[in-house]
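# Structural overview
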Amino acid sequence: MDRRNFIKKTLLGTGALVVGGAPAVSQIVKASEKRNVPVFGPDLKTAGGRKHTPFVKAPKRVKAGEWFDVFVEVGHYKPHPNTMTHWIESVALYIDKFEVASARFRATQGAPRATFTVKVDKPGKVTLRGFGYCNIHGLWVSLPVEVEVV
Ligand SMILES: [Fe+2]
């Protein structure tokens, strides 16, 4: 079984693919956590990895309870195709284990990037991760980004 069929079969087996519309990346991440659906990356060594691994840009230090911006993009390291048959359906931002924001895109018309405004109420360190979902190559995670909350 090639990789594409493996991913499709695995996602169909989890019910992550919804009839009548593409699944939100949060549904796919939850399915992944429950059923061991593969999450690829981060991979900046291969061309395919660079096309799919999300890039996350955030301040290194923020104040507790204050809004700050986090930029998430798929295609930052190497452009990803954006055609009617192959595109990034969605990106999401996680703070530690919780999804705090996501964005969905139409094929050819939506660039797979978004700036999310978020906050963390408690001082300490948090880990940000971006997720991106390619309709063909599945779910990909970013490198972790540490943020100090003071
Ligand atoms: Fe792809």
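Residues numbered from 1 in each chain as written. Predicted model: local features only at pLDDT ≥ 70, side-chain atom pairs only at ≥ 80, totals over all residues. Heavy atoms only, no water.

## Here we look at the pairing of strand E4 (residues 68–73)
Looking down a regular strand, the side chains alternate between one sheet face and the other. Here is the rule: Paired strands, in this sense, are two strands between which DSSP finds at least two bridges. The helix and strand labels rest on DSSP assignments: H or I over at least four residues marks a helix, E over at least two residues marks a strand, and numbering proceeds from the N terminus.
Bridging between strand E2 (residues 55–57) and E4 involves three bridges; their strand directions are antiparallel. In the sheet register, Val56 faces E4, and the bridge partner there is Val72. Examined bridge by bridge, E4 and strand E7 (residues 113–118) share six bridges and lie antiparallel to one another. Across the sheet, the residue bridging to Asp69 is Thr117, located in E7.

## Topic: the packing of aromatic side chains
Applied cut-off: Centres within 6.5 Å make a pair out of two Phe, Tyr or Trp rings, where for Trp the six-membered ring is used; the pair is then stacked when the planes are under 30 degrees apart, edge-to-face when over 60, and tilted otherwise. Cation placement over rings: the criterion is NZ of Lys or CZ of Arg within 6 Å of the ring centroid and within 35° of the ring normal.
Counting across every chain of the model gives four aromatic pairs. On the numbers, 6.4 Å between centres and 70° between planes, the contact of Phe55 with Phe71 is edge-to-face. With Phe55 in strand E2 and Phe71 in strand E4, this pair connects stretches of sequence that are 16 residues apart. By way of ring pairs, the aromatic residues Phe55, Phe71 and Tyr77 are connected into one cluster. Directly above the aromatic system of Trp67 lies the positively charged group of Lys119, at a separation of 5.1 Å from the ring centroid.

## Details of the sheet that holds E4
Through backbone hydrogen bonds, the strands of a sheet pair up, either in parallel or in antiparallel fashion. To be explicit about the condition: Helix axes use the C-alpha atoms of the stretch in contact, all axes being lines fitted to C-alpha atoms, and the angles between their N-to-C directions lie in the range 0 to 180 degrees.
An order of E2-E4-E7 is seen for the three strands of this open sheet, with the pairing classed as antiparallel. Here the strands that pair on one side only, and so sit at the sheet edges, are E2 and E7. If you compare each strand with its neighbour and ignore which way they point, the axes differ by 20° on average.

## A short note on the layout of surface pockets
For clarity, the threshold we go by: Cavities and pockets were defined on a 1 Å grid built over protein atoms only: a cavity is a set of grid points that admits a 1.4 Å probe from which the probe cannot escape, a pocket is an open set flanked by protein on both sides within 12 Å along at least five of seven lines, and lining residues are those with an atom within 4 Å of any such point. Grid points are joined across faces, edges and corners, and a volume is the space filled by probe spheres set on the points. Under this grouping Gly is polar, as are all residues other than the nonpolar Ala, Val, Leu, Ile, Met, Phe, Trp, Tyr, Cys and Pro and the charged Asp, Glu, Lys and Arg.
What the largest pocket holds in volume is close to 190 Å³. Lining the largest pocket are Val29, Ser32, Glu33, Val39, Tyr94, Asp96, Lys97, Arg129, Phe131 and Val141. Ranked by the residues each element gives to the lining of the largest pocket, the list is headed by helix H2 (residues 25–35), at three residues. Tallied by class, the residues present in the lining of the largest pocket amount to five nonpolar, one polar and four charged.

## Here's the deal with the confidence of the model for the chain
Regions with low pLDDT should not have their predicted coordinates read in detail. The condition that has to hold: The predictor attaches a confidence to each residue, and that confidence, scored 0 to 100, is pLDDT. Throughout, a residue-residue contact means that at least one pair of heavy atoms, one from each residue, lies within 4.5 Å.
Averaged over every residue, the pLDDT of the chain is 87; residues scoring 70 or more account for 85%. The model gives residues 6–20 a pLDDT under 50, and that stretch makes 26 contacts with residues more than four places away or in other chains.

## Digging into the pattern of salt bridges
Threshold: Salt bridges, as used here, are contacts in which a Lys or Arg side-chain nitrogen is within 4 Å of a carboxyl oxygen on Asp or Glu. Per-residue accessibility, obtained with a 1.4 Å probe over protein chains only, is compared with the maximum for each type, and a residue is labelled buried under 20%, exposed over 50%, and partly exposed between these values.
In this structure the tally under the stated criterion is three salt bridges. A salt bridge links Glu148 to Arg61; the shortest N-O distance between them is 3.6 Å. Taken as a pair, Glu148 in strand E10 (residues 145–149) and Arg61 in strand E3 (residues 61–62) lie far apart in primary sequence, 87 residues in all. On the basis of relative accessibility, which here comes to 29%, the residue Glu148 falls in the partly exposed class. Accessibility expressed as a relative area gives 55% for Arg61, which makes it exposed. Two residues, Lys119 and Asp121, come together in a salt bridge whose shortest N-O distance is 3.8 Å. Given the relative accessible area of 36%, Lys119 is considered partly exposed. Given the relative accessible area of 54%, Asp121 is considered exposed.

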